Amino acid sequence: MSPETVLAAVDAAIASPFSTDAFDACVMQTYGRFPLALERGEGCRVWDTQGRSYLDFVAGIATCTLGHAHPELVDAISDQIRKLHHVSNLYYIPEQGQLAAWLTANSCADRVFFCNSGAEANEAAIKLARKHGNTVLEAENPIILTAQASFHGRTLAAVTATGQPKYHKGFQPLVQGFRYVPYNDLAALEATLAELDAAGETVAAILLEPLQGEGGVNPGDRAYFQAVRQLCDQRRMLLILDEVQVGMGRSGQLWGYENLGIEPDAFTVAKGLGGGVPIGALLVKASCNILQAGEHASTFGGNPLACRAGLAIAQVMERDQLLANVQARGEQLRAGLQELVDRYPNLLAGVRGWGLINGLVLRNDPNVTPIALVKAAIEQGLLLVPAGAEVVRFVPPLIVSAAEIDEALAMTERALLAIAGE
Ligand SMILES: *Cc1c(COP(=O)(O)O)cnc(C)c1O
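Residues numbered from 1 in each chain as written. Predicted model: local features only at pLDDT ≥ 70, side-chain atom pairs only at ≥ 80, totals over all residues. Heavy atoms only, no water.

**Some thoughts on the overall build of the protein chain**
Here comes step 1: Within the protein chain, the regular secondary structure consists of 13 helices and 17 strands.
Here comes step 2: For 422 residues, the compact-globule estimate of 2.2 N^0.38 gives 22 Å, and the C-alpha radius of gyration of the protein chain, at 22 Å, lies within 12% of that figure.
Here comes step 3: For the protein chain, the spread of C-alpha atoms along the principal axes amounts to about 60 × 60 × 45 Å.
Here comes step 4: The burial tally for the protein chain puts 52% of its 422 residues in the buried class.
Here comes step 5: Partitioning the intrachain contacts of the protein chain with sequence separation of at least 6 by distance along the chain shows that 71% fall at a separation of at least 24.
Here comes step 6: Surface summary for the protein chain: the accessible area is close to 19,100 Å², and the carbon and sulfur share equals 53%. (Helix = DSSP H or I, 4+ residues; strand = E, 2+ residues; numbered from the N terminus. Rg over C-alpha atoms; globule rule 2.2 N^0.38 Å. Buried < 20%, exposed > 50% of the residue type's maximum accessible area, 1.4 Å probe, protein only. Contact = heavy atoms within 4.5 Å. Areas by Shrake-Rupley, 256 points an atom, 1.4 Å probe, with all protein chains shown as cover.)

Spelled out as structure tokens, the structure:
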């Protein structure tokens, strides 16, 4: 094809109406997609290519902190892209310094490394743990402990860290040096440590989510995390938290660890940090700020555009006191979901979560599976996302209003009745 023909074909493709068949003919089938194409959003609402509107309680999976088309985010990134959107980390990037200053002033951490996603942030954390093991603990093959039912991303080391066999299948050999322990189970952790001690192994770090998101919205247990903190101090293991989903305000505190009464040595952030603009970060305390020049890098990490997005999110969170909204709307949502549980005890088993990450736990009615409920909710005009085999997750933008929570609850009930009656 001549260059003119190629360009004409691109123009034609852009101009043609959306078709799922045309999409599936050229995009890899790595996702199970709902037959829905979204093209516009405003606040907590999105519109599909047919013009139908939906209340968005997925928010790009716990990512669009300020919902869609938020004026401050739009202005910040528009302004930045006109000035300078990307330069290399060979140079100082002022916006990166400003975002790092805000993050360190508002967390237990002292230094930040920027990247582009949750998996990439966890890769950095895994390298940090390895370096701590190799240099501080002088172990050649240090072990990293992670939890069963955890989720840390899909790159090879992050998926190895993910304690769910279904994500490992077909990708052997995985990365060496990971062991899994049951979440929130101190006796099992102590037993695993004793076993590894007896085998002469060195554990460099334990990597945990403060609340397991994808694995089923399982909040961490305070007593467990406090005991893990003590074990880490005694054994010079790093306690690394994956705050990719709950960090940046979603838990009702800025960081998930604040709900647990502990401080990690390091933690990772991504989803909510840029409000939907890709950005991730590894944050460390000064005591484990051990990655040196040349040891880790990312071409896009911390570029002016992504950091400006992060700064806009931080500014609006502070100015509009979003944490108070997250707490109040979260309580309202949990109370409403609990009423549904009380009304339909044969279908629903309970509600759990923090702030604006909440899970509705289903019983084993064959008609009322997470996927079936999510599909029925789409019919009602509500977007929800499954979490594990028995939970439906509610993760709206942090700006969600009381009226929108009530609307979502009513739609959830209608969706439930629609499938339960089958
Ligand atoms: C989503 C998620 C990740 C992976 O983030 P990506 O940006 O998809 O790589 C890692 N950890 C947790 C806890 C997550 O929820």
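**Thoughts on the sheet that holds strand 10 (residues 238–242)**
Within a beta sheet, neighbouring strands are joined by backbone hydrogen bonds and run either parallel or antiparallel to one another.
Here comes step 1: A sheet is described by the order of its strands in space; here seven strands give the open sequence 4-12-11-10-7-5-6, paired in mixed fashion. Single-partner strands in this sheet number two, and they are strand 4 (111–115) and strand 6 (178–181). Averaged over neighbouring strand pairs, the angle between their axes works out to 20° when direction is ignored.
Here comes step 2: Of the pairings in the sheet, the one linking strand 10 to strand 11 (residues 266–269) comprises three bridges and is parallel in character. Within the sheet, the bridge partner assigned to Asp242 lies in strand 11 and is Thr268.
Here comes step 3: Packing against the sheet, helix 5 (residues 94–105) makes contact with strand 4 and strand 12 (280–284), and its axis sits at approximately 130° to strand 4. (Pairing = 2+ DSSP bridges. Axes fitted to C-alpha atoms, helices over the stretch in contact; angles between N-to-C directions.)

**Considering the nonpolar core**
Here comes step 1: Among the nonpolar cores identified, the biggest contains 102 residues, and Phe57, Leu189, Ile206, Leu208, Phe267, Leu348 and Leu360 are the most heavily contacted of them.
Here comes step 2: Broken down by element, the residue count for this core peaks at nine residues, all from helix 10 (residues 304–319).
Here comes step 3: Counting the residues that make up this core, at least three belong to each of domain 1 (3–63 + 322–420) and domain 2 (72–319).
Here comes step 4: Ignoring anything within four residues of it in the chain, the contact list for Leu208 reads Ala147, Tyr183, Tyr224, Phe225, Val228, Leu239, Ile240, Leu241 and Asp242.
Here comes step 5: Counting 18 residues, the second largest nonpolar core, distinct from the first, contains Ala129, Ala157, Leu238 and Cys288. (Core = buried A, V, L, I, M, F, W, Y, C linked by side-chain atoms within 4.5 Å. Domains from an automatic or database assignment.)

**Comments concerning the sheet that holds strand 13 (residues 348–354)**
Here comes step 1: Taken in spatial order, the four strands of this open sheet run 13-14-17-16, and their pairing is antiparallel. The two strands at the open ends of the sheet, each matched to only one other strand, are strand 13 and strand 16 (385–387). Mean inter-strand twist for the sheet, computed between neighbouring axes without regard to direction, equals 30°.
Here comes step 2: Relative to the sheet, helix 11 (residues 322–343) contacts strand 13, strand 14 (357–362) and strand 17 (391–394), its axis offset from that of strand 13 by approximately 170°.

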